[in-house]
Amino acid sequence: MTGGLAYDLDAIMTYLRMQEESGRIGALSVSRRVAPSSSLARPSASTWSSSAPPRAPARWDFRWKTCVMPSTSVCPSASGSSTDTRSRGDRPVGYSPWPCGQQTEGYGNADQRSTSSSSLTGQVERLIAADNFYGRRLREADITGCDSVEDFVRLPFSQKQDLRDAYPLGLAAVPEEKIVRIHSSSGTTGTPVIVPYTAKDVDDWAIQFARCYEFAGCTATDRIQITPGYGLWTAGIGFQAGAEKLGAMAIPMGPGNTEKQLQFMVDMQSTVLCATSSYALLLAEKVGELGLRDKIALKHGVIGSERWGEKTRRRIKDGLGIDLFDIYGLTEVYGPGIGINCRYETGMHIWDDFVYLEIVDPETGEPVPDGEWGEICITTLVKEGAPLIRFRTHDLSRIIPGECPCGSRYPRIDTISGRSDDMFKIHGVNVFPRQVEEVLALFPQLSSEYQIRLSHLEGKDTMRIYVETDGTQDFRDIADAVAEETKSRIGLTPLVKVVELGVLPRSEKKTKRVFDERYE
Ligand SMILES: [Zn+2]
């Protein structure tokens, strides 16, 4: 197997069942794992053995067990080998795109990554040979292969506009007889992007989505109520294919018709809700209004990744009595389901055996070190219909360094903090509005409104932050405290202007908060 961990789930499950029957993987049984000594919240008692707390909930066995499959992608000279004891339950040590310590900043630690260099190289080579938009582009750029980090970072980025230019079917990298389906991203801002899928792509997506459900604690006995839309968009059908791959019961409601949603939620005793955060909130409120809380059986919510606040999260959790899981993905790269948070809620694990993810500086395109914020840039590894190389998503996040308490070595990214279009740079520091919001959230005496004004005064860039307060505290004290906190968290000292409640403009639409007056 040289194509990374792109595996056939059914074959693996059969293999595992055989192994299980022969007693060969008993040692991997979750009940024998040792719990981490961390103080982080544990999963609910029902998933833990009372005598010996396991390291991960039993239902994650699926993924742990898949990893007993032998891997041939480990560099023999890397530390450890495929027989390294640490590789038994999860990723082998030294498994990275370019093992032997060749990875540079931003590529993750060797033991954090499971992307294989052969799959990355293979994907690029297939594209160069393909008679499609991408193949021509790579050939024009004199790219003949990709065997190292140096080669990889020389590959040109692709932007949404490039994909639009390939409309309608210029992204197809295989003959038409292999294409079984297309999806399309929204065309509200111009020509739509058409993404062709082969049968394998469709199946790979379902495998990734099934993994998401597994991470959310779902099993074959769950009843999954799917409220995202079906159609050209990749949402509904992805949620459904993953549910079916898992063996659960999909209830394909589609969006809207809240009354019927609630009727099915009660009568079918749905256990999992798939929704956008706004629709989940609406359903939670309706459940409360109609007094249905005791009549529903929901346990988990799998929520499409959009930026949503802690307050919304809490209301959905409490209103429906469920755990919440954020899912990540985009139409250009399969669709939702290329990653999800685990129950420790320490960021979203990304399936890096299917996609290779870089975080780059939105301005320079240079990879940033792990832990630093930047733009997510995705390379598909085994996609056939429409592979993508270094696709700039404009979504802002960061790679979370270190290991997750759940024990999974799938790398984690933070919750999407916004779009790179919202970012500004001052004194060489990239600042995202969300970082400022996080500082302001520490001060309960401030309202939720704020404004950032950037200006160029007396030869230097200045950041002013306008905040509102109710007047119960001295304006000067608040200004000093906010400036100090901003300095310690973001690394630069702003001028903080405190104004009275109601002074800053309100908008029913999206409020403009950042005004860059430096170059006007
Ligand atoms: Zn985790």
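Basis of the calculations
Residue indices follow the written sequence of each chain, beginning from 1 at its first position. Totals for whole chains, interfaces and linings use all residues, but because this is a predicted model, local features are given only for residues with pLDDT of at least 70 and pairs of side-chain atoms are given and counted only at 80 or more. Water and hydrogen atoms were dropped before computing side-chain values, which therefore reflect all heavy atoms in the structure. Only DSSP runs of H or I with at least four residues qualify as helices, and only runs of E with at least two residues qualify as strands; both kinds are numbered from the N terminus onward. The rule is simple: take the accessible area with a 1.4 Å probe, protein chains only, and divide by the maximum for that residue type; under 20% is buried, over 50% is exposed, in between is partly exposed. Whether two residues touch is decided by their heavy atoms; if any such pair falls within 4.5 Å, the residues are in contact. Donor selection uses N, O and S atoms within 2.8 Å of the metal (3.2 Å for Na, K and Ca). Since no water is included, sites may look incomplete. The geometry test gives tetrahedral to four donors whose angles all lie between 85 and 135 degrees, gives square planar to four donors and octahedral to six donors whose opposite members are over 155 degrees apart with all other angles between 65 and 115, and gives irregular to the rest. Think of a nonpolar core as a cluster: buried Ala, Val, Leu, Ile, Met, Phe, Trp, Tyr and Cys residues, connected wherever their side-chain atoms sit within 4.5 Å. Here, axes are lines fitted to C-alpha atoms. For helices the fit covers the stretch in contact, and angles between N-to-C directions go from 0 to 180 degrees. Our angle categories are set so that under 35 degrees counts as roughly parallel, over 145 as roughly antiparallel, 65 to 115 as roughly perpendicular, and the remainder as oblique. Think of it as three bins: nonpolar holds Ala, Val, Leu, Ile, Met, Phe, Trp, Tyr, Cys and Pro, charged holds Asp, Glu, Lys and Arg, and polar takes everything else, Gly as well. Here a polar contact is recorded for every N or O atom pair within 3.5 Å, except that within protein the pair must consist of a potential hydrogen donor and a potential acceptor, and residues adjacent in sequence are included only if both atoms are side-chain atoms. Aromatic pairing here means that ring centres of Phe, Tyr or Trp (its six-membered ring) are within 6.5 Å. Orientation follows from the plane angle: under 30 degrees is stacked, over 60 is edge-to-face, and everything else is tilted. Here, strands pair whenever DSSP counts at least two bridges between them.

Structurally, D204 is set in helix α7 (residues 199-215). Its relative accessible area of 4% is what places D204 among the buried residues. Setting aside its immediate chain neighbours within four residues, D204 contacts Y334, F354 and V382.

So, about the coordination of the zinc ion. Those protein atoms acting as donors to the zinc ion are C342 (SG), H349 (NE2), C404 (SG) and C406 (SG), and they sit at 2.1 to 2.4 Å. Around the zinc ion sit four donor atoms, and with donor-metal-donor angles ranging over 104 to 115 degrees the site reads as tetrahedral. In terms of primary sequence, the donors binding the zinc ion are separated according to C-x6-H-x54-C-x1-C. Here the two residues C342 and H349 agree in accessibility, since each one is buried.

On to the nonpolar core. Ranked by size, the top nonpolar core spans 69 residues in total, and within it Y213, V302, Y328, V333, I340, I378 and I413 carry the most contacts. For this core, the element with the most residues is α7, which contributes eight residues. One finds L440, L446, I478 and L492 within the second-largest nonpolar core, a separate group that totals 23 residues.

Let's shift gears to the packing of helix α9 (residues 258-267) against helix α10 (residues 277-289). As a packed pair, α9 and α10 sit with axes 11 Å apart at the nearest point and diverge in direction by 70 degrees. Considering their axes alone, α9 and α10 lie roughly perpendicular with respect to each other. Residues T258, Q261, L262 and M265 of α9 form the contact with α10, whose participating residues are Y279, L282, L283, K286 and V287. For the contact of α9 with α10, the class distribution of residues is six nonpolar, two polar and one charged.

The topology assignment puts D326 in strand β7 (residues 323-330). What makes D326 buried here is its relative accessible area of 8%. Each C-alpha atom of the pair D326 and N341 lies 5.9 Å from the other, and the pair is 15 residues apart in sequence. Reaching out from D326, the side chain makes a polar contact with the side chain of R313 at a distance of 3.4 Å.

Once that is clear, we can look at unusual backbone geometry. Omega for the peptide link from Y167 to P168 comes to 0 degrees, which places this bond in the cis form. Residue placement: P168 occurs in the loop between α6 (160-165) and β1 (179-184). Phi at D142 takes a positive value of approximately 60 degrees, unusual for a residue other than glycine. Tracing the chain through its elements places D142 in the loop between α4 (133-140) and α5 (149-154). Non-glycine residue R390 carries a positive phi angle of around 45 degrees. Its place among the elements puts R390 in the loop between β11 (374-380) and β12 (391-397). Taking the relative accessible area as the measure of exposure, R390 reaches 2% and is therefore buried.

Across all of its chains, the model carries nine aromatic pairs by this definition. Here F209 and F239 contribute two aromatic rings whose centre-to-centre distance is 4.7 Å and whose plane-to-plane angle is 55 degrees, an arrangement assigned as tilted. Highlighted residues: F209 in helix α7 and F239 in helix α8 (residues 235-246), separated in sequence by 30 residues. Ring geometry for W351 versus Y410: centroids 4.9 Å apart, planes at 80 degrees, classification edge-to-face.

The next subject is the pairing of strand β10 (residues 355-360). Of all the six residues making up β10, six are buried; the element is thus mostly covered by neighbouring parts of the structure. The side-chain alternation of β10 yields two buried faces, one formed by V355, L357 and I359 and the other by Y356, E358 and V360. Pairing analysis gives six bridges linking β10 to β11, with the strands arranged antiparallel. If you follow L357 over to β11, its bridge partner there is I378.

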